[in-house]
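Overview (structure and organization)
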Amino acid sequence: QVQLVESGGGLVQAGGSLRLSCAASGGTFSSYAMGWVRQAPGKEREVVAQISWSGGSTNYVDSVKGRFTVSRDNPKNTVYLQMNSLKPEDTAVYYCAASTTPFIRPGQRFHYWGQGTQVTVSS
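Below: a short report on this structure. Here the structure is a predicted model, which is why all the values come from computation and not from measurement.

1. Here's the deal with the nonpolar core
A general feature of soluble globular proteins is that nonpolar side chains tend to end up buried together. Core analysis: the biggest nonpolar cluster contains 30 residues, and L4, M34, V79, L81, M83 and Y94 have the highest contact counts within it. Sequence-distant contacts of Y94, that is, excluding residues within four places in its chain, are made with E6, L20, V37, R38, V48, F68, L81, M83, G116, T117 and V119.

Shown next, in the form of structure tokens:
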């Protein structure tokens, strides 16, 4: 069973930065595509960023392109989300998710989820 534990959330002013981390245990992390998914109050979950098993392919939702960067360190079983130029509309619970397929694709299904970390951006 794969376990995912996020960290790094918090309260930040608009224009600030945060770096989220997700530590994985169990399973074969280096063979999984990973994603960061957020959910704001009253809104549906939104896939913010995806990264392939090797880190060679990434994808972002339009609203965060140029501001967020997803990366991974396979020897450390960790995936990161660097968030810069944060906006109040980025406020949400951010979830780390793993897909047992190695490549990223539209509408990707994630099989394992972390518990989420709150990100709050004040104006």
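Let's pick the thread back up.
2. Quick look at the pairing of strand β8 (residues 78–83)
When you tally the buried positions in β8, you get five out of six residues, the bulk of the element. In the sheet, strand β3 (residues 18–25) pairs with β8 via six bridges, with the strands oriented antiparallel. When the sheet's bridge partners are listed, L18 is paired in β8 with M83. In terms of strand pairing, strand β7 (residues 68–73) meets β8 through six bridges, oriented antiparallel. Each bridged residue has a counterpart across the sheet, and for V70 the counterpart in β8 is L81. The hairpin turn running from β7 into β8, its antiparallel successor, is four residues long, and N77 in that turn takes a positive phi close to 55°.

3. A look at the sheet that holds β7
Across the sheet, which stays open at both edges, the four strands sit in the order β1-β3-β8-β7 with antiparallel pairing between neighbours. Sheet topology places β1 (3–7) and β7 at the edges, where each strand pairs with a single neighbour. With direction set aside, neighbouring strand axes in the sheet form an average angle of 15°. Looking at chain direction, β1 and β3 are connected through five bridges and run antiparallel. Looking across to β3, one finds that Q3 is bridged to S25.

The rules behind the values
- Numbering of residues starts from 1 in each chain and follows the order in which that chain's sequence is written.
- At least 70 in pLDDT is required for a residue's local features to be given in this predicted model, at least 80 for side-chain atom pairs to be given and counted, and no such filter applies to totals for whole chains, interfaces and linings, which use all residues.
- Side-chain calculation: all heavy atoms of the structure are included, whereas hydrogens and water are not.
- We define a nonpolar core as any set of buried Ala, Val, Leu, Ile, Met, Phe, Trp, Tyr and Cys residues linked to one another through side-chain atoms lying within 4.5 Å.
- Exposed residues in this analysis have more than 50% of their type's maximum accessible area, buried residues have under 20%, and partly exposed residues fall in between, with area computed by a 1.4 Å probe over protein chains only.
- Here, residues are in contact when the closest pair of their heavy atoms is within 4.5 Å.
- Helical segments are the DSSP runs of H or I of at least four residues, strand segments are the runs of E of at least two, and each set is numbered from the N terminus.
- A pair of strands is labelled paired if DSSP reports no fewer than 2 bridges between them.
- Simply put, an axis is a line fit to the C-alpha atoms, just over the touching stretch for a helix, and the angle between two N-to-C directions goes from 0 to 180 degrees.

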